[in-house]
Amino acid sequence: MKILIINPNSNRDMTASIQKTADSYVGEDCQVKCVSTEGAPRFIENYEDTAVAADGMIRLVRENENNCDAFIVACHCDPNLDVLKEISNKPLVGIGEASMKIATMLGHKFSVLSTSAHSIPIKEELVRKYHLQDLLASVRVPSGEDDNHGVEETYFRMAQEALDKDGAEVLVLGCAELTGLDKTLTNRLKVPVLDGVI
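Residues numbered from 1 in each chain as written. Predicted model: local features only at pLDDT ≥ 70, side-chain atom pairs only at ≥ 80, totals over all residues. Heavy atoms only, no water.

### Quick look at the overall build of the protein
Stage number 1. Within the protein one finds seven helices and eight strands.
Stage number 2. Whereas a compact globule of 198 residues would reach a radius of gyration of roughly 16 Å, the protein reaches 16 Å, a difference of no more than 12%.
Stage number 3. Reported as C-alpha extents along the three principal axes, the dimensions of the protein are approximately 50 × 40 × 35 Å.
Stage number 4. Across the 198 residues that make up the protein, the buried fraction comes to 53%.
Stage number 5. Partitioning the contacts of the protein with sequence separation of at least 6, the portion at a separation of at least 24 is 64%.
Stage number 6. Each charge class in the protein was averaged separately, 20 positive and 31 negative side chains, and the resulting centres sit 2 Å apart. (Helix = DSSP H or I, 4+ residues; strand = E, 2+ residues; numbered from the N terminus. Rg over C-alpha atoms; globule rule 2.2 N^0.38 Å. Buried < 20%, exposed > 50% of the residue type's maximum accessible area, 1.4 Å probe, protein only. Contact = heavy atoms within 4.5 Å. Lys, Arg positive; Asp, Glu negative; His and termini not counted. Charge placed at Lys NZ, Arg CZ, Asp CG, Glu CD.)

### Observations regarding the packing of helix α6 (residues 151-166) against helix α7 (residues 181-189)
Stage number 1. At a minimum axis separation of 10 Å, α6 and α7 run at an interaxial angle of 50°. Classified by the angle between their axes, α6 and α7 sit oblique to one another. As for the relative orientation of α6 and α7, their crossing is right-handed in sense. On α7, the residues that touch Val151, Glu152, Glu153, Tyr155, Phe156, Ala159, Gln160 and Leu163 of α6 are Leu181, Thr184, Leu185, Arg188 and Leu189.
Stage number 2. Class assignment of the residues belonging to the contact of α6 with α7 gives a composition of eight nonpolar, two polar and three charged. (Axes fitted to C-alpha atoms, helices over the stretch in contact; angles between N-to-C directions. Parallel < 35°, antiparallel > 145°, perpendicular 65-115°, else oblique. Left-handed = near helix turned anticlockwise from the far one by under 90°. Nonpolar A, V, L, I, M, F, W, Y, C, P; charged D, E, K, R; others polar.)

### Quick notes on unusual backbone geometry
Stage number 1. Of note, His131 is a non-glycine position whose phi angle comes to about 60°, a positive value.
Stage number 2. Examined against the element boundaries, His131 turns out to sit in the loop between α5 (120-129) and β6 (136-140).
Stage number 3. Taking the relative accessible area as the measure of exposure, His131 reaches 67% and is therefore exposed.
Stage number 4. Positive phi, normally seen in glycine, also occurs at Lys190, with a value near 65°.

### Some thoughts on the environment of Leu126
Stage number 1. Note that Leu126 resides in helix α5.
Stage number 2. Discounting chain neighbours no more than four positions away, the residues touching Leu126 are His76, Cys77, Asp78 and Met100.

### Topic: the pattern of salt bridges
Stage number 1. In the structure shown here, the tally under the stated rule is 10 salt bridges.
Stage number 2. Two residues, Glu153 and Arg188, come together in a salt bridge whose shortest N-O distance is 3.3 Å. Of this pair, Glu153 sits in helix α6 while Arg188 sits in helix α7; the two residues are 35 residues apart in sequence, bridging distant segments of the chain.
Stage number 3. By relative accessible area, Glu153 is classed as partly exposed at 29%.
Stage number 4. Using a relative accessible area of 35% as the deciding quantity, one classes Arg188 as partly exposed. (Salt bridge = Lys/Arg side-chain N within 4 Å of Asp/Glu carboxyl O.)

### Let's talk about the pairing of strand β5 (residues 110-113)
Stage number 1. Residue alternation in β5 divides its side chains into two sets, Phe110 and Val112 and Ser111 and Leu113, and both sets are buried.
Stage number 2. On the question of chirality, the crossover connecting β5 to the parallel β6 by way of α5 is right-handed.
Stage number 3. Pairing geometry for β5 and strand β7 (residues 170-173), over four bridges, is parallel. Following the sheet pairing, Phe110 is matched in β7 by Val170. (Right-handed = clockwise from strand over helix to strand, strands pointing away. Pairing = 2+ DSSP bridges.)

### A word on the state of the cysteines
Stage number 1. This structure, assessed with the given rule, holds zero disulfides.
Stage number 2. Of all cysteine sulfurs, the one in Cys75 lies closest to Cys34, which takes part in no disulfide; the gap is 12 Å.
Stage number 3. Cysteine Cys175 remains unbridged, with the sulfur of Cys75 as its closest cysteine sulfur at 6.6 Å. (Disulfide = S-S within 2.5 Å.)

### Some points on the packing of aromatic side chains
Stage number 1. Applying the stated criterion across every chain, the model contains zero aromatic pairs.
Stage number 2. Over the ring of Phe156 we find Arg188, and its NZ or CZ is 3.7 Å from the ring centre. (Phe/Tyr/Trp six-rings, centres within 6.5 Å; stacked < 30°, edge-to-face > 60°. Lys NZ or Arg CZ within 6 Å of the ring centre and 35° of its normal.)

If you want it as structure tokens, here you go:
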């Protein structure tokens, strides 16, 4: 099986991190390749970024439709997912939809750990789109006070607050940039932490 993972942004470091996670997870019967979207912003943070990335993402699907068995969109806000599903006959999965729906099978409530306050309304809209609003405990992002802590400690503190204050039982990493953090947080918190890339 050949799977193409589309990183909707143009950040090659993030693409390499996603590739590393995918390589560590797949078996010998599956080939996974992650590619950046040419002409896209370095980070997908808002609706304008999503619109700018659309042409490149559409081009990637059309160019690879005949040599891939499936596509993954590796951005938690599932940018342009509907149009990509419309033009492809192959399975096409967004890591936001996949991780949040799986979270609902592992606990009563889930929280999304995202990267910026600007993403909160976008995440909440996505949750409503997938009809999961009754199962969402919270969307949490780093505060200004977290600037002095490393990434792992910042997200550990956020995750602990989501569990203690919001009633979450499952945590979802709300950005492909956070790939690989799931194992550390799961070990420290003893609850499921989902990396959408996986």
